[in-house]
Amino acid sequence: MNKRSGFQVMRRLIGLVRPLTGYMLLAIVMGLIGHLCAAFITVAGGLAAASVLGFSAVPALSAIFFVALLFALLRGGLRYAEQACNHFIAFKLLALLRAKVFFALRRLAPAKLEGRGRGDLINLITSDIELLEVFYAHTISPIAIAVLFCAILCALIGAFHPLLALVALAAYACVGAVLPLAASRATREDGRRFRAASGKLASFVLDSLRGLDEIQQYGQGEARLQEMEERTAALSASERRLKRSAGLAQGVTHAVILAFDLAMLLASSALYLAGQIDFLGVLLPTLLLMSSFGPCVALANLGSTLTSTFAAGNRVLDILDEEPAVQEIDGRPNIAFTGAAAKKYPELVKKYWWNAVKADTDKYTAKTALEQEQGYFIRVKAGQKIEAPLQACVFIGHEEQLQRVHNIVIVEEGAELNIISGCASDPGVEKGVHIGISEFYVEKNAKLTFTMIHSWGENIAVRPRSVTIIEEGGQFISNYVCMEKVKDVQMYPTTKLVGEGAVARLNSILVAPE
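Since the structure is predicted, the reported quantities are computational estimates derived from the model, not experimental observations.

## Points about the overall build of the chain
For step 1, the next point in the chain: When you go through the chain residue by residue, the secondary structure sums to 13 helices and 12 strands.
For step 2, the next point in the chain: Split into buried and exposed, the 514 residues of the chain put 46% on the buried side.
For step 3, the next point in the chain: Restricting the contact set of the chain to residue pairs at least 6 apart, pairs at least 24 apart contribute 88%.
For step 4, the next point in the chain: Accessible surface, the chain: about 26600 Å² in total, of which carbon and sulfur atoms supply 61%.

Written out as C-alpha cells, the structure is:
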C-alpha cells in the first residue's frame, strides 16, 4: 500500500467533485448562513437579557424574540438543505468511484489481482468506498463553512476590540486545525492497520466458506474457527483503540473550548475595566465565541473519524493507480458482425462490401451474398496503431454444417493492425463445408499482418475466396498455415497493388502430420 499523506488523499478525492461543483457551493452557502443563524440565536438571548436589565442600546424585547424565532426556523431549513446537497454529492460520487474501481479491476485482471484475497477486494468495493461517504458528506463543505464562518465571526468580534479578535482566531485555529491534525497523526497508523486487517479478515472468512468441504474433510474446523476468533479479537482491539482515541480527542476539544471561552471572558473583562469597551463589549463577544464553535467542533471530531476514512481512500486510490501487467491497446478498432456492421455503417457498404470480391465470382460467393451475412468486420481508423494482435476465430461445431462467412477488414491511412485468425472444426464433426469470403483493404501507408491458421477435420471441404487491395505505400503480409489434412481446399488468394510503393508478401506453410 502506498503511504499517501492525508492531504494527498484529500486532494485526490476532492478532484472528483468537479462535476458537482454547483451543488457543493450551494451546500457551503446554506451551511454558512445556517451556522450564522445558530450563533445569532444565542446573541439574541444575550440582547434580550440586556434589554431586561434596562440597556437602552438594544432593540425592543419583542423584536429580539421575533428575530430569534426567525433565525431558529431558518437554521432548521438550511441545515436540512445543506445535508441534502452533501448527501446527493456523496452518493453520486460513491457510484462514480465504484464504476472507476470496477474498471480498474477489469484492467488489472488477471495478472495484478493474482494473490489478492477475494474478501479483501469485496471489502474494498463495499465498506471502503462506503466509508468515503463521511468525507464527501461531512468533510468538504464543513471545512469551507468553518473557514468562512470563523472569518466572519473574527470580524464581528474584532469590531469591539482587535485583541478579542486575536483570542477568537487563536481559539478557532486550535479547535479547527491544530487538534484535528494532532488527532489524525496520532491514529493514522492504527487506521491503516485496521482497514488492512478488516480486508484480510474478510478474505479469510470467504476462503473458509469456499473451502468448507476440505476443512471438514481434513478435520481443520476447530483450528480454522480459533484462527477466525483470534483475527476478530485483534480487529476488535484495534477498533477499540481507535474509539478511545476519538473519545480522548473529543474530551480535549471540549476542554480547550471551555478554556478559550474563559479566556475571552477574562480578556473582555480586562478591557471593560480599562474603559476600552462597554458592558455589551463583554457580553456579545463572549456569547459569539461560545456559540460559534459548532463548525470547528465538526472539524475537530473529523480528526479521528477521518483516520479510517483516509485509510479506506488510500486503499481505493491504490487500486486506481495500479499499473496493469499488460497495457491496454492504444486505440480500439471497430469490430462487429458483418451484417450488423452493414446496418451500422451504411456509408461504408458501397465502398467496401463486395468490392474486392465480386458477388458473382462463382456459386460460393453468390450463395454467401444471397444469404444473411455472417463473419467479422474489423475497421482500424486512420492513424491508429494497434500493437497487440487481434484474435478472430471461425468454428464448425455441427455435423454436415454449411458455414458461410463474409469477412471485411479495413485498415485506413497510416494505421497498423495484426490479426491472428484460427479456423477449426469440432473433433466430433466428420463432414462439413466452409465457405470463407474475405475482403482486405489496406489504404495509403497502412500495414496489415494477417495470419490464418487452419485446423479442419479431414472430411471438411474448404472454399476460401480472398482478395486484398493495397493502396500507395501500403504493406500486406499474409501467413497461411494448414495444420491438418482436409478433404480438399480450393483457394486462389489475390492481391491487387493499386498504388506506388504498395507491397504484399504471401507465405504458406502446409504441415504434413503423416
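## Considerations on the pairing of strand β3 (residues 390-396)
For step 1, the next point in the chain: Here β3 shows one buried face, formed by Leu390, Ala392, Val394 and Ile396, and one open face, formed by Gln391, Cys393 and Phe395.
For step 2, the next point in the chain: For β3 and strand β5 (residues 416-425), the ladder comprises seven bridges, and the chain directions are parallel. Residue phenylalanine 395 lies in a different strand from β5, and its bridge partner there is alanine 424.

## Observations regarding the sheet that holds β3
For step 1, the next point in the chain: Ordered in space as β3-β5-β7-β9-β12, the five strands form an open sheet in which the pairing is parallel. Edge positions in the open sheet fall to β3 and β12 (503-510), since each of these has one partner strand only. On average, each strand axis in the sheet is inclined to that of its neighbour by 10°, with strand direction left out of account.
For step 2, the next point in the chain: Sheet topology note: the β5/strand β7 (residues 447-455) ladder contains nine bridges and is parallel. Each bridged residue has a counterpart across the sheet, and for isoleucine 419 the counterpart in β7 is phenylalanine 450.

## What about the pattern of salt bridges?
For step 1, the next point in the chain: If you walk through the whole model with that rule in mind, you get eight salt bridges.
For step 2, the next point in the chain: With its nearest N and O atoms 3.9 Å apart, the salt bridge here joins glutamate 239 to lysine 243. With glutamate 239 and lysine 243 both in helix α8 (residues 221-273) and four residues apart, this pair spans about one turn of that helix.
For step 3, the next point in the chain: One salt bridge in this structure joins aspartate 488 and arginine 463, with 2.4 Å as the shortest N-O distance. Here aspartate 488, found in strand β10 (residues 488-489), pairs with arginine 463, found in strand β8 (residues 460-470); they are 25 residues apart in sequence, far enough to count as distant.
For step 4, the next point in the chain: Take aspartate 488: its relative accessible area is 27%, and that puts it in the partly exposed class.

## Section: the environment of isoleucine 143
For step 1, the next point in the chain: With respect to the element layout, isoleucine 143 can be found in helix α5 (residues 140-158).
For step 2, the next point in the chain: Look past the residues within four positions of isoleucine 143 in its chain and what remains in contact with it is Met10 and Leu299.

## Here we look at a nonpolar patch on the surface
For step 1, the next point in the chain: On the surface, a nonpolar cluster with roughly 540 Å² of combined accessible area is contributed by Leu53, Phe55, Tyr272, Leu273 and Phe279.
For step 2, the next point in the chain: When you line up the elements, tyrosine 272 lands in helix α8.
For step 3, the next point in the chain: Of the residues examined, tyrosine 272 reaches a relative accessible area of 42% and is grouped as partly exposed.

## So, a negative patch on the surface
For step 1, the next point in the chain: Residues Glu413, Glu471, Glu472 and Glu500 make up a contiguous surface patch of negative charge.
For step 2, the next point in the chain: Residue placement: glutamate 500 occurs in the loop between β11 (494-497) and β12.
For step 3, the next point in the chain: Residue glutamate 500 is classed as exposed on the basis of its relative accessible area, which comes to 70%.

## Description of helix α2 (residues 21-52)
Given 3.6 residues to a turn, an α-helix orients residues that are three or four positions apart in the same direction.
For step 1, the next point in the chain: The terminal C-alpha atoms of α2, which comprises 32 residues, lie 47 Å apart, in line with the 46 Å expected from a rise of 1.5 Å per residue.
For step 2, the next point in the chain: In the stretch just after α2, glycine 54 is the one whose phi turns positive, near 100°.

## Focus on the pairing of strand β2 (residues 376-380)
For step 1, the next point in the chain: The buried fraction of β2 is high, at five of five residues.
For step 2, the next point in the chain: Of the two faces of β2, both are covered, the one formed by Tyr376, Ile378 and Val380 as well as the one formed by Phe377 and Arg379.
For step 3, the next point in the chain: Of the pairings in the sheet, the one linking β2 to strand β4 (residues 401-411) comprises four bridges and is parallel in character. Residue pairing across strands places valine 380 opposite valine 411, the latter belonging to β4.

## Notes on the confidence of the model for the chain
For step 1, the next point in the chain: In the predicted model, the chain carries a mean pLDDT of 83, and the fraction of residues at 70 or more is 90%.
For step 2, the next point in the chain: The least confident element of the chain is strand β1 (residues 334-337), whose mean pLDDT is 66; the most confident is β11, at 94.

## Considering the packing of aromatic side chains
For step 1, the next point in the chain: Considering all chains together, one arrives at eight aromatic pairs under this definition.
For step 2, the next point in the chain: Ring geometry for phenylalanine 440 and phenylalanine 476: centres 5.7 Å apart, planes at 35°, overall tilted. With phenylalanine 440 in strand β6 (residues 432-442) and phenylalanine 476 in strand β9 (residues 475-482), the pair connects residues that are 36 residues apart, well separated along the chain. Each member of the pair, phenylalanine 440 as well as phenylalanine 476, is classed as buried.
For step 3, the next point in the chain: Across from the ring centre of tyrosine 345, 5.8 Å away, lies the NZ or CZ of arginine 379, which sits over that ring.

## What about the environment of isoleucine 145?
For step 1, the next point in the chain: Counting through the fold element by element, isoleucine 145 comes out in helix α5.
For step 2, the next point in the chain: Taking the relative accessible area as the measure of exposure, isoleucine 145 reaches 1% and is therefore buried.
For step 3, the next point in the chain: Along the backbone, isoleucine 145 and alanine 27 are 118 residues apart, and their C-alpha atoms lie at a distance of 9.0 Å.
For step 4, the next point in the chain: Sequence-distant contacts of isoleucine 145, defined by excluding residues within four places in its chain, comprise Ala27, Ile28, Gly31, Leu32, His35 and Glu82.

## Re the environment of valine 409
For step 1, the next point in the chain: Within the secondary structure layout, valine 409 lies in strand β4.
For step 2, the next point in the chain: Since its relative accessible area comes to 0%, valine 409 is described here as buried.
For step 3, the next point in the chain: Sequence separation between valine 409 and threonine 468 is 59 residues, and the spatial gap between their C-alpha atoms is 9.4 Å.
For step 4, the next point in the chain: Those residues within four positions of valine 409 in sequence are excluded, and the remaining contacts are Tyr376, Ile378, Leu417, Ile419, Glu439, Phe440, Tyr441 and Leu448.

## As for the nonpolar core
For step 1, the next point in the chain: Counting 41 residues, the largest nonpolar core has Ile157, Leu164, Ala168, Tyr172, Met264, Leu289 and Phe293 as its most contacted members.
For step 2, the next point in the chain: Listing elements by their share of this core, those giving two or more residues are α2, α3 (61-108), α5, α6 (162-210), α8, α9 (279-290) and α10 (294-321).
For step 3, the next point in the chain: Excluding anything up to four places from it in sequence, leucine 164 contacts Ile157, Met264, Ala267, Ser268, Leu271, Ile277, Gly281 and Pro285.
For step 4, the next point in the chain: Judged by nonpolar contacts, the second largest core, of 31 residues, contains Tyr376, Ile386, Val405 and Ala446.

## Observations concerning unusual backbone geometry
For step 1, the next point in the chain: A positive phi is found at glutamate 400, a non-glycine position, where the angle reads about 55°.
For step 2, the next point in the chain: Its location among the elements puts glutamate 400 in the loop between β3 and β4.
For step 3, the next point in the chain: Positive phi outside glycine occurs at asparagine 445, with the angle close to 60°.
For step 4, the next point in the chain: On the accessibility criterion, asparagine 445 (46% relative accessible area) is partly exposed.

Cut-offs applied
- Residues numbered from 1 in each chain as written.
- Predicted model: local features only at pLDDT ≥ 70, side-chain atom pairs only at ≥ 80, totals over all residues.
- Heavy atoms only, no water.
- Helix = DSSP H or I, 4+ residues; strand = E, 2+ residues; numbered from the N terminus.
- Buried < 20%, exposed > 50% of the residue type's maximum accessible area, 1.4 Å probe, protein only.
- Contact = heavy atoms within 4.5 Å.
- Areas by Shrake-Rupley, 256 points an atom, 1.4 Å probe, with all protein chains shown as cover.
- Pairing = 2+ DSSP bridges.
- Axes fitted to C-alpha atoms, helices over the stretch in contact; angles between N-to-C directions.
- Salt bridge = Lys/Arg side-chain N within 4 Å of Asp/Glu carboxyl O.
- Patch = residues over 30% accessible without salt bridge, like charges linked within 9 Å, V, L, I, M, F, W, Y side chains within 5 Å.
- Lys, Arg positive; Asp, Glu negative; His and termini not counted.
- Charge placed at Lys NZ, Arg CZ, Asp CG, Glu CD.
- Expected span 1.5 Å × (residues − 1).
- pLDDT = per-residue confidence, 0-100.
- Phe/Tyr/Trp six-rings, centres within 6.5 Å; stacked < 30°, edge-to-face > 60°.
- Lys NZ or Arg CZ within 6 Å of the ring centre and 35° of its normal.
- Core = buried A, V, L, I, M, F, W, Y, C linked by side-chain atoms within 4.5 Å.

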